[in-house]
Structure formats: structure tokens, C-alpha cells
Amino acid sequence: MAKPLEVDQQWLERIADQVGGLKYGHVTITVHDGRIVQIDRTERTRYDGSSQKQPVPSESQQQAKQRDNQNSGEALRIVQ
């Protein structure tokens, strides 16, 4: 049978701190043997569609694109 959950004022304050100010996301409370042992907070940031910018490609992505452009006229050759 499961032990009853023990929640003291300190844990209630910790939970309130994690939930406070959270606009989008979730709070996960982990319980072991009837005691809270961990609080995880995942916060999401949402942007409206009109203000989104295209991501800046990384250097490796830019190099791959340049290589693809250079090789676009060449045929693929399989060597065995």
C-alpha cells in the first residue's frame, strides 16, 4: 500500500516558486516513498508568427551548401 504523501510548508513554497511566473510549460513533482524528492520545471517560449526570424545557418551547414553547389554539375561515381 502506498504511503501517504508528506508535504510541509517548505515544499509548498518550492512548488509555488516553480509555478510562479510560468506562462507556458509544466512542473513535474517526483515522489518516492510518500515524500517529494524532486521538482522539474520545463518552460516554453512561444513567439507569434510575424516576429519569427529564419535561423542563421551554422558554419558547417554553410560549408555543406557550398560543397553541394560546387558538386552539383558532377555525376556520382561508385568505386568498388
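Please read all numbers here as calculations on a predicted model, not as lab measurements. (Residues numbered from 1 in each chain as written. Predicted model: local features only at pLDDT ≥ 70, side-chain atom pairs only at ≥ 80, totals over all residues. Heavy atoms only, no water.)

Novice: Help me understand the overall build of the protein chain in this model?
Specialist: Broken down by element type, the protein chain carries 2 helices and 2 strands. For the protein chain, the N- to C-terminal ordering of α and β elements is α-β-β-α. In the protein chain, which comprises 80 residues, the share counted as buried stands at 6%. Taking as baseline every contact in the protein chain between residues at least 6 positions apart, the subset at least 24 positions apart corresponds to 33%. Accessible surface computed for the protein chain: about 7,700 Å², of which carbon and sulfur atoms make up 46%. (Helix = DSSP H or I, 4+ residues; strand = E, 2+ residues; numbered from the N terminus. Buried < 20%, exposed > 50% of the residue type's maximum accessible area, 1.4 Å probe, protein only. Contact = heavy atoms within 4.5 Å. Areas by Shrake-Rupley, 256 points an atom, 1.4 Å probe, with all protein chains shown as cover.)

Novice: Would you take a moment to explain the pairing of strand β2 (residues 35-43) for this structure?
Specialist: Side chains on a regular strand alternate between the two faces of the sheet. Bridge analysis of strand β1 (residues 25-32) against β2 gives 8 bridges, and the strand direction is antiparallel. Bridge pairing links His26 to Thr42 in β2. The hairpin formed by β1 and β2 contains 2 residues between the paired strands, and Asp33 there has a positive phi angle of roughly 50°. (Pairing = 2+ DSSP bridges.)

Novice: What is the right way to read a nonpolar patch on the surface from this model?
Specialist: A cluster of nonpolar side chains, namely Leu5, Val7, Leu12, Ile29 and Val31, defines an oily patch on the protein surface of about 400 Å² accessible area. Examined against the element boundaries, Leu5 turns out to sit in the segment before α1 (9-19). (Patch = residues over 30% accessible without salt bridge, like charges linked within 9 Å, V, L, I, M, F, W, Y side chains within 5 Å. Salt bridge = Lys/Arg side-chain N within 4 Å of Asp/Glu carboxyl O.)

Novice: Which parts of the structure should I look at to understand unusual backbone geometry?
Specialist: Where the residue is not glycine, phi is negative for most of them; where a peptide bond is considered, it is trans in most cases. We note that Asp33 has phi near 50°; this positive angle belongs to a residue other than glycine. Looking at where Asp33 falls in the secondary structure, it is placed in the loop between β1 and β2. Given the relative accessible area of 62%, Asp33 is considered exposed.

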